[in-house]
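Summary of the model geometry
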Amino acid sequence: MTTPLLSLQGLTKEYPGVVANSDVTFDIGEGEVHALLGENGAGKSTLVKMIYGLVRPNAGTMRWRGEAYEPHAPAQARASGVAMVFQHFSLFDAMDVAENVALGMDNPPPIRELAAKITEVSNNYGLPLDPDRMVGDLSAGERQRVEIIRCLLQDPQLLIMDEPTSVLTPQEVDILFRTLRQLRAEGKSILYISHKLEEIRALCENATVLRLGKVVGKADPRQESARSLAEMMVGQVLHQPSREAAAPGKTLLEVTNLSLPPQSAFGTSLKEINITVRAGEILGIGGVAGNGQDELLGALSGEMRSAREAVRMAGEPVGHIGPTARRALGLLCAPEERLGHAAAPDMSLSENALLTGAYRERLVKRGFVNWGKTRKFAERVIETFDVRTPGAHVAARALSGGNLQKFVIGREIMQRPSVLVVNQPTWGVDASAAAAIRQALLDLAAAGAAVVVISQDLDEILEVADSFAALNAGRLSAPRPVQGLTMDQIGLLLGGAEGDSDAAA
Ligand SMILES: Nc1ncnc2c1ncn2[C@@H]1O[C@H](COP(=O)(O)OP(=O)(O)OP(=O)(O)O)[C@@H](O)[C@H]1O
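Figured I'd write up the structure that's included with this text.

Rules behind the numbers
- Residues numbered from 1 in each chain as written.
- Predicted model: local features only at pLDDT ≥ 70, side-chain atom pairs only at ≥ 80, totals over all residues.
- Helix = DSSP H or I, 4+ residues; strand = E, 2+ residues; numbered from the N terminus.
- Expected span 1.5 Å × (residues − 1).
- Buried ≥ 20, exposed ≤ 12 C-beta atoms within 10 Å, placed from the backbone.
- Pairing = 2+ DSSP bridges.
- Contact = placed C-beta atoms within 7 Å.

1. Considerations on helix H13 (residues 401-413)
The end-to-end C-alpha distance of H13 is 19 Å, a good match for the 18 Å that 13 residues give at a rise of 1.5 Å each. Taken across its 13 residues, H13 has 13 buried, putting it largely inside the fold.

Quick look at the structure:
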């Protein structure tokens, strides 16, 4: 038998109150694309952080081509031939591509030489990049290219990718997969984390499934269905969101000719946006990231003010008032960026519950926080939304991405909004938790709320929304009923075929 590239033996990592990895054992061969699957909090990120030298195991060993491998720091892992593309990008907007790449390298060559190398390597791998462009001007897909090229310049033998496709358009996913297949053909290995099981089936020949930190299964994804893989992850039969058709009620959210200038040098302006959402309705807004999603959410939440009459809530003008006043009226929002925007990383879940729930849950009385009540509110969210954490005292930062997402969305839904606006509600969330969040949005609408779901996941929009509109360069297309809408028509709308309804129909 040939020696595996990387062999993990009995890896264990404990955090206070949680065993993140327990006795994890598996091999990754040379030239193998290996999927790491598991629910939110199953321990995937912890495992790859141990391989990349960011976290030290409490027990267990790793071998690299048969030799003992104990990276103490990422630089050491990189020197052995391990590279990692993270879920969250670590790039500086105000620097160009070459400067950003240089920052992440251990021994960068002179910048001109590096720029030439970036052009060469990026073209060779089918991910063309202009080294002189400012990162702030790049799309999410292009930013990811910067991270990938930075890794490839180190000529790694093992490339770790943590949910690489969640920010990509379907076309960008195709391009990325071509690159990954080329790497495999060159004998390089890839460890691939994703919740998108169809992608796993298309790309990977081996999968290791983690549940609660333990290996619970191994599979050849090509021989499985997305459903069977998901069921392996959760250990039970999957629940499909269901909806009941109901006649919509009165208009709760009305946006009229909303225009706003960009809020930062790299922001998008909003251009004459019109939206009407009635009680019981869900409007899905699709579009490639960076086309005004964050700005639209900001304009609806009140973080960005507009003309008084541009936003109305149940007929009342609210464009000029801030987030707290809008919350009081029942307009709640959950932004996309969970660590730092939706939740304060170093604050406990109780404190984070207070941040948005203070008014509606009456957590503050005569200027004093009622901590007992606040903790109970946080605990209700944790319980109802199955947030896997030791308790409400835990800092938001310590939760796995998907579990924090469940908390953030649950915190708003439990405040019984009359209008809820969410951006990427199931970003990085596993299949069963995503189904639970979507069901909660459907239930909220069925109970009479108006809901706006901004998402890059078209399947998600088709599953929950009654109507669909596309955001393109800050303009919103006229909404169309989701029923009967095809992917081709959606593609046209996303591409900006606004008003071209005959061509799209
Ligand atoms: N620094 C930390 N301190 C305390 N607990 C942690 C820390 N990092 C992770 N954990 C816990 O370890 C467990 C595994 O988390 P991990 O992030 O590895 O899961 P994951 O499978 O990557 O999840 P997701 O798909 O949601 O990103 C979780 O219960 C998490 O709360």
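2. Looking at the pairing of strand S16 (residues 331-334)
Residues Leu331 and Cys333 of S16 are buried on one face, and the alternating residues Leu332 and Ala334, pointing to the opposite face, are buried as well. Sheet analysis places S16 next to strand S19 (residues 419-423), joined by 4 bridges and oriented parallel. Bridge pairing in S19 places Cys333 opposite Val421.

3. Brief notes about helix H14 (residues 431-446)
The end-to-end C-alpha separation of H14 is 22 Å, in line with the 22 Å expected for 16 residues at 1.5 Å each. Among the residues of H14, those classed as buried are Ala431, Ala433, Ala434, Ala435, Ala436, Ile437, Arg438, Ala440, Leu441, Leu444 and Ala445. In the segment just after H14, Gly448 is the residue with positive phi, at about 110 degrees.

4. Section: the environment of His195
Relative to the assigned elements, His195 resides in the loop between strand S8 (189-193) and helix H7 (197-203). According to the C-beta neighbour criterion, His195 is buried, with 25 such atoms within 10 Å. Placed 235 residues apart in sequence, His195 and Asp430 show a C-alpha to C-alpha distance of 5.5 Å. Apart from the residues within four sequence positions on either side, His195 is in contact with Glu163, Gly428, Val429, Asp430 and Ala431.

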